[in-house]
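Chain by chain, the residues run as shown.
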Amino acid sequence: MDYRKQLDEDVALIEVRLKERFRACEPMAGLYDAMEYSLLAGGKRVRPVLTLEVCRMCGGDPVQALPFACAAEMIHTYSLIHDDLPCMDDDDLRRGRPTNHKVFGEAMAVLAGDGLLTAAFETALEGGECLPAERVTAACACLARAAGARGMVGGQALDMAAEGRSLRQQELERLQALKTGALIAAAAEMGCIAAGGDELERAAVRRYAQKLGLAFQIRDDMLDVVGDEQTLGKSIGSDSANEKTTFYTLKGLDACRELVETLTREAEEALSTFEERGFLCWLADQLAGREK
């Protein structure tokens, strides 16, 4: 199996659907331009790919999971727009381009994020065109939990509160499990839901994605120090500038590298009961060694 080709095909499918999403919408004082500026700026598309490939692994049709996949990417994009704002991390560069508020102004950037958040649930509900209503309801509930105060938004609040003070590893792991890991886990679990997976399968997929998400964040912390700004497409050193505790500051580069490897193996082991887990294990390995 050519997993790289499979990844490219998934990303192409996602890109087409995202580009079509707002095409028929009437102009709204530049709002859709601001939304699409960030939504269509590229990126790894890890979350929607997880949705499609978990659905495939669980015996479902990935195309039927596409609304959930696109919804996850919209929420991720909205979080990046808001995260870059001056009142948050105050970043000027994202995916190799000026951040949303640098192009459209702070007020429009806030509205673009709001627009993508609400459009995400409208998009997810389109899954009802080909899936049973109970699966759509379960997927939307899963996504809402991961995106809100019990998930990503709560993690961002903890992240802001932690600026300028030292965190213990347990505190940092909880913060990142919410800020980064919750949406990654929901994206994967929605793929299982779309395929009609049972509770045991959903739990195994969550474990995989939670381990993957933590490894992803630790690798991010490493790249913020040793990465190349041109390759990353965003500013480096922002964590240090904002006086944030990271896994790098707690453990150092070598220990972080070992932890990423351990978490990646644990992620792969979580899928041991699935026969068609090859792609997701390959993806975990690819993310563990990424340079951007």
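Residues numbered from 1 in each chain as written. Predicted model: local features only at pLDDT ≥ 70, side-chain atom pairs only at ≥ 80, totals over all residues. Heavy atoms only, no water.

Looking at an unreviewed UniProt entry, one finds the protein chain named Polyprenyl synthetase family protein and attributed to Intestinimonas massiliensis. The protein chain has a UniProt comment under Sequence similarities (unreviewed entry) that states "Belongs to the FPP/GGPP synthase family." (UniProt positions renumbered as here; feature names shortened; annotations may be inferred.)

Attention now goes to the overall build of the protein chain. Looking only at helices and strands, the protein chain has 15 helices and two strands in total. Here the C-alpha atoms of the protein chain give a radius of gyration of 18 Å, agreeing with the 19 Å that 2.2 N^0.38 yields for 292 residues. If you line up the protein chain on its principal axes, its C-alpha atoms span 50 × 50 × 35 Å. Per-residue burial over the protein chain gives 52% buried out of 292 residues. For the protein chain, the share of sequence-separated contacts (at least 6 apart) that also reach a separation of at least 24 residues comes to 74%. Surface summary for the protein chain: the accessible area is close to 13200 Å², and the carbon and sulfur share equals 50%. For the protein chain, the distance from the average site of its 34 positive side-chain charges to the average site of its 49 negative ones is 2 Å. (Helix = DSSP H or I, 4+ residues; strand = E, 2+ residues; numbered from the N terminus. Rg over C-alpha atoms; globule rule 2.2 N^0.38 Å. Buried < 20%, exposed > 50% of the residue type's maximum accessible area, 1.4 Å probe, protein only. Contact = heavy atoms within 4.5 Å. Areas by Shrake-Rupley, 256 points an atom, 1.4 Å probe, with all protein chains shown as cover. Lys, Arg positive; Asp, Glu negative; His and termini not counted. Charge placed at Lys NZ, Arg CZ, Asp CG, Glu CD.)

Where helix 1 (residues 3–21) meets helix 15 (residues 278–288), the axes come as close as 10 Å, and the angle between the chain directions of the two elements is 90 degrees. Taken together, the axis directions place helix 1 and helix 15 in an arrangement best described as roughly perpendicular. Of helix 15, the residues touching helix 1 (which contributes Tyr-3, Arg-4, Gln-6, Leu-7 and Asp-10) are Gly-278, Phe-279, Trp-282 and Gln-286. When its residues are assigned to classes, the contact of helix 1 with helix 15 shows four nonpolar, three polar and two charged. (Axes fitted to C-alpha atoms, helices over the stretch in contact; angles between N-to-C directions. Parallel < 35°, antiparallel > 145°, perpendicular 65-115°, else oblique. Nonpolar A, V, L, I, M, F, W, Y, C, P; charged D, E, K, R; others polar.)

Going through the model one piece at a time under the given rule, you end up with zero disulfides. Here Cys-142 stays unpaired: no disulfide links it, and the sulfur of Cys-140, its closest cysteine neighbor, is 9.8 Å away. (Disulfide = S-S within 2.5 Å.)

To continue, consider the packing of helix 4 (residues 66–83) against helix 8 (residues 152–161). Helix 8 packs onto helix 4 with a crossing angle of 20 degrees between their chain directions and a minimal axis gap of 12 Å. Judged by the inter-axis angle, helix 4 sits roughly parallel to helix 8. Note that helix 4 runs across helix 8; the crossing there is right-handed. Where helix 4 abuts helix 8, its residues Ile-75, Tyr-78, Ser-79 and Asp-83 lie against Met-152, Val-153 and Gln-156. Class assignment of the residues belonging to the contact of helix 4 with helix 8 gives a composition of four nonpolar, two polar and one charged. (Left-handed = near helix turned anticlockwise from the far one by under 90°.)

The periodicity of an α-helix, 3.6 residues per turn, causes residues three or four positions apart to be oriented the same way. Compared with an ideal rise of 1.5 Å per residue, which puts 28 residues at 40 Å, helix 10 (residues 199–226) spans 40 Å between its outermost C-alpha atoms and is within 8% of the ideal. Backbone nitrogen of Leu-200 and a side-chain oxygen of the N-cap are separated by 3.1 Å at the start of helix 10; the cap is Asp-198. (Expected span 1.5 Å × (residues − 1). Polar contact = N/O pair within 3.5 Å; in protein donor to acceptor, adjacent residues only side chain to side chain.)

A few words on the packing of aromatic side chains. Scanning the model with the defined rule gives five aromatic pairs in all. Seen from their ring centres, Tyr-3 and Trp-282 are 5.9 Å apart, and the 35 degrees between their planes marks the pair as tilted. Linking Tyr-3 in helix 1 with Trp-282 in helix 15, this pair joins segments that are 279 residues apart in sequence. Classification of Tyr-3 as partly exposed rests on a relative accessible area of 25%. With a centroid separation of 5.4 Å and an interplanar angle of 75 degrees, the aromatic rings of Tyr-37 and Phe-104 are classed as edge-to-face. One end of the pair, Tyr-37, is in helix 2 (residues 31–39); the other, Phe-104, is in helix 5 (residues 100–104), with 67 residues separating them in the sequence. Note on Tyr-37: relative accessible area 16%, which makes it buried. Taken together through their ring pairs, the aromatic side chains of Tyr-3, Phe-279 and Trp-282 make up a single cluster. Above the plane of the ring of Phe-216 lies Arg-47, whose end atom (NZ or CZ) is 5.9 Å from the centre. The ring of Tyr-37 carries the charged tip of Arg-97 above its face, separated from the ring centre by 3.9 Å. (Phe/Tyr/Trp six-rings, centres within 6.5 Å; stacked < 30°, edge-to-face > 60°. Lys NZ or Arg CZ within 6 Å of the ring centre and 35° of its normal.)

Throughout the structure, instances matching the rule amount to 21 salt bridges. Note that Glu-189 and Arg-202 form a salt bridge whose closest N and O atoms lie 2.8 Å from each other. On the criterion of sequence distance, the pair formed by Glu-189 in helix 9 (residues 169–194) and Arg-202 in helix 10 is long-range, its members being 13 residues apart. Taking relative accessible area as the criterion, Arg-202 reaches 12% and is therefore assigned buried. Among the charged side chains, a network of salt bridges with common partners joins Glu-15, Arg-45, Glu-73 and Arg-95. (Salt bridge = Lys/Arg side-chain N within 4 Å of Asp/Glu carboxyl O.)

What follows concerns the side chain of Lys-244. Tracing the sequence through the fold places Lys-244 in the loop between helix 12 (238–241) and helix 13 (247–251). Judged by relative accessible area, which is 9%, Lys-244 ranks as buried. One polar contact links Lys-244 to Asp-89, side chain to side chain, over a distance of 3.0 Å. Within the structure, the side chain of Lys-244 is placed 2.7 Å from the side chain of Asp-159, a separation counted as a polar contact.

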